Amino acid sequence: MDATRRTDDEQAARWNGPAASAWVEAQSLVDGVLKPFEDLLVEAMSADHEGHVLGEGGRVLDVGCGTGSTTLAVARRLGAAGHVVGVDISEPMLTAARARAEQTEAPASFVHADAQEYAFEPGTYDAVMSRFGVMFFKDSVRAFANLRRAAKDGAALRFIAWRRPAENPFMTTAERAAAPLLPNLPARRPDEPGQFAFADADRVRGILAEAGWTGIDIQPKDVTCTLPESELIRYFSRFGPLGLILGEADEQTRARVVETVRAAFDPFVHGAEVRFTAASWLVGARASSA
């Protein structure tokens, strides 16, 4: 098996296994933590310096939509005349997203597929968007070229991606604190698909240009995120590299890890609230004319 195929299989296994279960079970918690980014993306999708990206109606593609929070938020903005299609490789997360859409009767639907490979109908979408869903492609240029084919000429691209780990200390606190106690803790590989794969703005700009997008604009956005202190242990024990292996540890080791990691988060705890600054890129572009 070559490295590309292995990476692809690892991502599919992760997002249809423990990672997906964590996101579905903690859906409301994660939605609350990431709500500032949802608001940022919806605002970015609503207007730009050239005018409105979206008005009433329109078709939008939400890449890496997960449990559907951003899909439904933009669907509400579009109204009944519009439609948002969410695409994700995680069937468990899409099952949750479909249930949410049915409850709200939002103009949204969902496709279980890898957006890098899926045969979208060409020239269909007025806009393409993503909140932290585009950093996991095995071949980013190929993926964004496929999304370009799915978009109409002149369509807008808007997505949010994480900046460098050093700018997001909250995101790596758990693994740094747990590493001495868990020798098998998975190491992040910055050159491979993952949370911080788009940390380098120049790399992102090159990927988009090669894939056929123009008018590329990359802006740093720092937002304040919060979660209840009572949910902190559940949060750090279910997500990230630590969440992938903590369940495999024996009870004694798990207890030591939880105690050690919880103490490491003290700088972010303010009474009953956990608060941290999250550093991201807001990326905008246009589909070049054919």
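Provided above is the structure to which this section pertains.
Residues numbered from 1 in each chain as written. Predicted model: local features only at pLDDT ≥ 70, side-chain atom pairs only at ≥ 80, totals over all residues. Heavy atoms only, no water.

Enquirer: Which residues make up the packing of aromatic side chains, and what values go with them?
Expert: Summed over all chains, the structure comprises 16 aromatic pairs. When the centroid spacing of 5.5 Å and the interplanar angle of 10° are considered together, the rings of Phe-236 and Phe-265 count as stacked. In this pair, Phe-236 sits in helix α10 (residues 232-238) while Phe-265 sits in the loop between α12 (251-264) and β7 (269-270), placing the two residues 29 residues apart along the sequence. Under the relative-accessibility criterion, Phe-236 is labelled buried at 2%. An aromatic cluster of at least three residues, connected via ring pairs, comprises Phe-170, Tyr-235, Phe-236, Phe-239, Phe-265, Phe-268 and Phe-276. (Phe/Tyr/Trp six-rings, centres within 6.5 Å; stacked < 30°, edge-to-face > 60°. Helix = DSSP H or I, 4+ residues; strand = E, 2+ residues; numbered from the N terminus. Buried < 20%, exposed > 50% of the residue type's maximum accessible area, 1.4 Å probe, protein only.)

Enquirer: Quick one: what's the story with helix α4 (residues 35-46), residue by residue and with numbers?
Expert: An α-helical turn contains 3.6 residues, so any two residues separated by three or four positions project in the same direction. Taking 1.5 Å per residue as the helical rise, α4 with its 12 residues ought to reach 16 Å, and the 17 Å between its terminal C-alpha atoms agrees with that figure. Buried residues belonging to α4 abut β1 (59-63), α5 (69-78), β4 (125-131), β5 (151-162), β6 (213-228) and β8 (273-287). (Expected span 1.5 Å × (residues − 1). Contact = heavy atoms within 4.5 Å.)

Enquirer: Tell me about the environment of Ile-207, residues and numbers included.
Expert: Summarising the element assignment, Ile-207 is placed in helix α9 (residues 201-210). Sequence spacing of Ile-207 and Ala-143 is 64 residues, and the spatial spacing of their C-alpha atoms is 9.6 Å. Each residue touching Ile-207, except ones within four places of it in the same chain, is listed here: Ser-140, Val-141, Phe-144 and Phe-198.

Enquirer: Can you break down the packing of α4 against α5 residue by residue, with the values?
Expert: Running from N to C, α4 and α5 point in directions that differ by 40°, and their axes come no closer than 10 Å. Judged by the inter-axis angle, α4 sits oblique to α5. As for how α4 packs across α5, the hand of that crossing is right-handed. Packed against α4, whose contacting residues are Glu-38, Leu-41, Val-42 and Ser-46, the element α5 presents Ser-69, Thr-70, Ala-73, Val-74, Arg-76 and Arg-77 at the interface. Considering only residue class, the contact of α4 with α5 consists of four nonpolar, three polar and three charged. (Axes fitted to C-alpha atoms, helices over the stretch in contact; angles between N-to-C directions. Parallel < 35°, antiparallel > 145°, perpendicular 65-115°, else oblique. Left-handed = near helix turned anticlockwise from the far one by under 90°. Nonpolar A, V, L, I, M, F, W, Y, C, P; charged D, E, K, R; others polar.)

Enquirer: Run through the side chain of Ser-237, naming residues and quoting values.
Expert: Note that Ser-237 resides in helix α10. Relative accessible area serves as the criterion here: at 8%, Ser-237 is assigned to the buried category. At 2.7 Å, the side chain of Ser-237 and the backbone oxygen of Ile-233 are in polar contact. A polar contact is formed between the side chain of Ser-237 and the backbone oxygen of Arg-234, at a distance of 3.4 Å. (Polar contact = N/O pair within 3.5 Å; in protein donor to acceptor, adjacent residues only side chain to side chain.)

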